[in-house]
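Coordinate analysis (summary)
The lines below spell out each chain.
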Amino acid sequence: AAPPPPTVISVVPVNGATVVPVNQGLTAAFSEAMNAATISATTFTVTGPGGVSVPGNISYASSGSVATGIPTAYFASGAAYTATITTGATNTAGS
């Protein structure tokens, strides 16, 4: 059987956070090393009110297996946003 796929083990800000700076960067730490080439703006997305995509710069640090998203526009104060990492983001074994 194939090994289980990687999981996100921690995020900043925490899920459901309500007091977040409008210029907050987002991070997701993975359970194992990821393939850096698969961590991108297509696999790490942020959407805001009305499902509008928030542009940003995405990077991956193999030290700690952490993906970071830095928005290029401020978040609207008091609005809800959702960060998503798709299954297109894979570990170094391709799963």
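Residues numbered from 1 in each chain as written. Predicted model: local features only at pLDDT ≥ 70, side-chain atom pairs only at ≥ 80, totals over all residues. Heavy atoms only, no water.

Across its full length, the chain carries 0 helices and 6 strands. Helices (α) and strands (β) of the chain occur, in sequence order from the N terminus, as β-β-β-β-β-β. Computed over its C-alpha atoms, the radius of gyration of the chain comes to 14 Å, within 12% of the 12 Å expected for a compact globule of 95 residues. With respect to the three principal axes, the spread of C-alpha positions in the chain is 45 × 25 × 20 Å. When burial is assessed residue by residue, the chain has 26% of its 95 residues classed as buried. Taking the contacts inside the chain whose residues are at least 6 apart along the sequence as the reference set, 60% of them involve residues at least 24 apart. Accessible area of the chain: about 5700 Å², with a carbon and sulfur share of 59%. (Helix = DSSP H or I, 4+ residues; strand = E, 2+ residues; numbered from the N terminus. Rg over C-alpha atoms; globule rule 2.2 N^0.38 Å. Buried < 20%, exposed > 50% of the residue type's maximum accessible area, 1.4 Å probe, protein only. Contact = heavy atoms within 4.5 Å. Areas by Shrake-Rupley, 256 points an atom, 1.4 Å probe, with all protein chains shown as cover.)

Before going further, it helps to examine the sheet that holds strand 4 (residues 56–61). The sheet built from 4 strands is open, its strands ordered 1-2-5-4 with antiparallel pairing. Every interior strand has two partners, whereas the edge strands, strand 1 (8–12) and strand 4, have only one. On average, each strand axis in the sheet is tilted by 15 degrees relative to the strand beside it, whichever way the strands run. Inspection of the sheet shows strand 2 (residues 26–30) paired to strand 5 (residues 66–71) by 4 bridges, in the antiparallel sense. From the neighbouring strand, Thr27 faces strand 5, where its bridge partner is Thr68. (Pairing = 2+ DSSP bridges. Axes fitted to C-alpha atoms, helices over the stretch in contact; angles between N-to-C directions.)

The next subject is the nonpolar core. Nonpolar side chains tend toward joint burial in soluble globular proteins. With 11 residues, the main nonpolar core is built from Leu26, Phe30, Met34, Ile39, Phe44, Val46, Val54, Tyr60, Ala67, Phe75 and Ala89. Of all elements in the fold, only strand 2 and strand 3 (44–47) reach the threshold of two or more residues within this core. Here Met34 is in contact with Pro6, Ile39, Tyr60, Ala89, Thr90, Asn91 and Thr92, once residues within four sequence places are set aside. (Core = buried A, V, L, I, M, F, W, Y, C linked by side-chain atoms within 4.5 Å.)

That's the geometry; what it means functionally is another story.
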